[in-house]
Amino acid sequence: MTRLILAADDPTAGALRRGGFADLVVPILHRFVWGPLPSDAGLSAYLAQRTGLQTRGHWLDFASRRDFMVVGGRSHGFLELVDRCDSVELWMGTRPNDQLVLIWLLDYLRSHAEIATKIILRHVDVPLFEVPAGHFAGRTIAGVALAREHLDLGHLAWQAFRAPTPQAWFDLLKQDLSPLPQLRRCVQEMLDELPGAATGIGASELRLLELLSAGYQHPFDLLPHHRERFQRRVYDYWEGGSLLDGLALAPLPAISGLAEWPFSVEMHDSRERRERYKASTLLLTPFGRAILAGEEDFSSQNPIQRWWGGTRLANANLWRWHAVLIAPDLDTAHDIECREECCEPWRPIDWSMREAAYSAACA
């Protein structure tokens, strides 16, 4: 009997693999909380059978080669492998990206309901990689067989997140989300990352300013790998570094003192550059202090150009959040352009390089 577990991040997959919970464990390493979303065609190709010339950009790239020898290698398409295994489980955590991976997979499976019925969904309420090894075996993770209500809700939520405005995502709060009990928290936390009505920055950016105000002065002291400090669960280490870059390198910055940039694999690979970055002494600028006090709006002085789900946020199309969703001025929102014209096309992240650089930085 071959048991397959799918997880939404590599640490969780590693914990499950070490705990002997399955014959095969696959981490689905997509980051949907940051940057432009991949196209439907790109996502379908990611889950399809590996072609002869495809060395990267396949859903099994980060599965264990040794484990997959028992099923003939790592070229299987998603549906093919699910159908081949005797037992399949989705272990999805509470973090927003975990839930976004979940609703994407449910949307994909909605057209293949006959295969979906063999899958068990387990709601993981605590990061498994934080559970001491000796306590792992005794944990009971609730599970439920996938049903039409899960697939339909996943489809509704995924289409809402991909929509060109956040309105459909906000409207999910009016729906019964109980079939996916951790989804409501994801909806709320993603809305919190929209620019604030008064500040023009999201909740994670505001947290960076709060940490600086509290006396943390060095970049690595601010980033999300300090979970007890950062207190935000949306972004990872790399995305947090990009947020810090944006606040420090803007035309009118909220933060001063950053000695090296951009926050990239290349910077991490250079010991000299990494040490210079690490030694930066950061301070709130007067503008940053005013933003933190709710007296200034970051977007009023700086260009905004980023993606939130399927929404392109720009100064003239700035959806805001303050307990309610605030739409941009309709007279200036007409400048929305297609994703391909304003952003680099989506491509899979080389996670092996990023993990190595991250480990060196945290050493």
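Residues numbered from 1 in each chain as written. Predicted model: local features only at pLDDT ≥ 70, side-chain atom pairs only at ≥ 80, totals over all residues. Heavy atoms only, no water.

Going by the annotation in an unreviewed UniProt entry, the name recorded for the chain is DUF1835 domain-containing protein, with Bradyrhizobium oligotrophicum S58 given as the source organism.

Undergrad: Can you explain the overall build of the chain? Please cite residues and give values.
TA: Across its full length, the chain holds 20 helices and 11 strands. Of all 363 residues assigned to the chain, the portion counted as buried reaches 53%. Partitioning the intrachain contacts of the chain with sequence separation of at least 6 by distance along the chain shows that 64% fall at a separation of at least 24. For the chain, the computed accessible surface area is about 16300 Å², with 52% contributed by carbon and sulfur atoms. (Helix = DSSP H or I, 4+ residues; strand = E, 2+ residues; numbered from the N terminus. Buried < 20%, exposed > 50% of the residue type's maximum accessible area, 1.4 Å probe, protein only. Contact = heavy atoms within 4.5 Å. Areas by Shrake-Rupley, 256 points an atom, 1.4 Å probe, with all protein chains shown as cover.)

Undergrad: Account for the sheet that holds strand S5 (residues 143-145), naming residues and giving values.
TA: As summarised here, the arrangement of the five strands in space is S2-S1-S3-S4-S5, forming an open sheet in which the pairing is mixed. Two strands bound the open sheet, and with one partner strand each, they are strand S2 (24-27) and S5. Here the strands of the sheet are splayed against their neighbours by 25 degrees on average, with no regard to which way each runs. Inspection of the sheet shows strand S1 (residues 3-7) paired to S2 by four bridges, in the parallel sense. Within S2, the position partnered with Leu6 by the bridge is Val26. Docked against the sheet, helix H5 (residues 96-109) engages strand S3 (87-92) and strand S4 (119-123), running at close to 145 degrees with respect to S3. (Pairing = 2+ DSSP bridges. Axes fitted to C-alpha atoms, helices over the stretch in contact; angles between N-to-C directions.)

Undergrad: Before we move on, could you go through the pattern of salt bridges and cite the residues and values that matter?
TA: Tallying each qualifying case throughout the model produces 19 salt bridges. In this structure, Asp67 engages Arg17 in a salt bridge whose closest nitrogen and oxygen atoms are separated by 3.8 Å. Here the residue Asp67 occupies a position in helix H3 (residues 65-68), and Arg17 occupies one in helix H1 (residues 10-18), the gap between them amounting to 50 residues. A salt bridge links Asp61 to Arg50; the shortest N-O distance between them is 2.9 Å. Remark: Arg50 occurs in the loop between helix H2 (40-47) and H3 and Asp61 occurs in the loop between H2 and H3; sequence separation between them is 11 residues. (Salt bridge = Lys/Arg side-chain N within 4 Å of Asp/Glu carboxyl O.)

Undergrad: How would you explain helix H10 (residues 183-192) if you had to name every residue and give the values?
TA: Listed as buried for H10 are Leu183, Cys186, Val187, Glu189, Met190 and Leu191. Check the buried side of H10 and you find it contacts H5, helix H8 (148-162), helix H9 (167-171), strand S8 (305-308) and strand S10 (320-321).

Undergrad: Just give me the short version of the nonpolar core, but keep the residues and values in it.
TA: Grouped together as the largest cluster of nonpolar side chains are 94 residues, with contacts concentrated most on Trp59, Phe78, Trp104, Trp169 and Leu183. Among the elements that line this core, the one with the most residues is H5, at nine residues. A domain split of this core shows at least three residues from each of domain 1 (3-182) and domain 2 (194-362). Excluding residues that lie within four positions of it along the chain, Leu183 makes contacts with Gln99, Ile103, Leu153, Ala157, Trp169 and Leu177. Ranked by size, the runner-up nonpolar core spans 10 residues in total, among them Ala13, Phe21, Ala22 and Ile141. (Core = buried A, V, L, I, M, F, W, Y, C linked by side-chain atoms within 4.5 Å. Domains from an automatic or database assignment.)

Undergrad: Tell me about the packing of aromatic side chains, and please be specific about residues and values.
TA: By the definition in use, this model includes 19 aromatic pairs. In textbook terms, an aromatic cluster arises when at least three aromatic residues are bridged by ring pairs, as seen for Phe32, Tyr46, Trp104, Trp158, Phe161, Trp169 and Trp308. (Phe/Tyr/Trp six-rings, centres within 6.5 Å; stacked < 30°, edge-to-face > 60°.)

Undergrad: Tell me what's going on with the pairing of S2, and back it up with residues and numbers.
TA: Residues in a regular strand project their side chains so that they alternate between the two faces of the sheet. Going residue by residue along S2, you find Leu24 and Val26 tucked away on one face and Val25 and Pro27 tucked away on the opposite face as well. You can see the chain leave S1, run along H1 and come back into S2, and the turn it takes is right-handed. (Right-handed = clockwise from strand over helix to strand, strands pointing away.)

Undergrad: Explain the environment of Gln99 residue by residue, including any values.
TA: You can see Gln99 is positioned in helix H5. Separated by 84 residues in the primary sequence, Gln99 and Leu183 have C-alpha atoms spaced 6.3 Å apart. Filtering out sequence-adjacent residues up to four positions away, Gln99 remains in contact with Met92, Gly93, Thr94, Gln182, Leu183 and Cys186. In terms of polar contacts, Gln99 uses its side chain to reach the side chain of Gln182, at 3.1 Å. (Polar contact = N/O pair within 3.5 Å; in protein donor to acceptor, adjacent residues only side chain to side chain.)

Undergrad: So what about the pairing of S4? Which residues, and what values?
TA: The element S4 is extensively covered by neighbouring structure, given that four of its five residues are classed as buried. Bridge count for S4 against S5 is three bridges, and the pairing is antiparallel. Across the sheet, residue Arg122 finds its bridge partner in S5, namely Gly143.

Undergrad: How would you explain the side chain of Asp61 if you had to name every residue and give the values?
TA: Judged by its relative accessible area of 13%, Asp61 falls in the buried class. In terms of polar contacts, Asp61 uses its side chain to reach the backbone amide nitrogen of His58, at 3.0 Å. The contact partners of Asp61, leaving out residues within four places of it in the chain, are Arg50, Thr55, Arg56 and Arg74.

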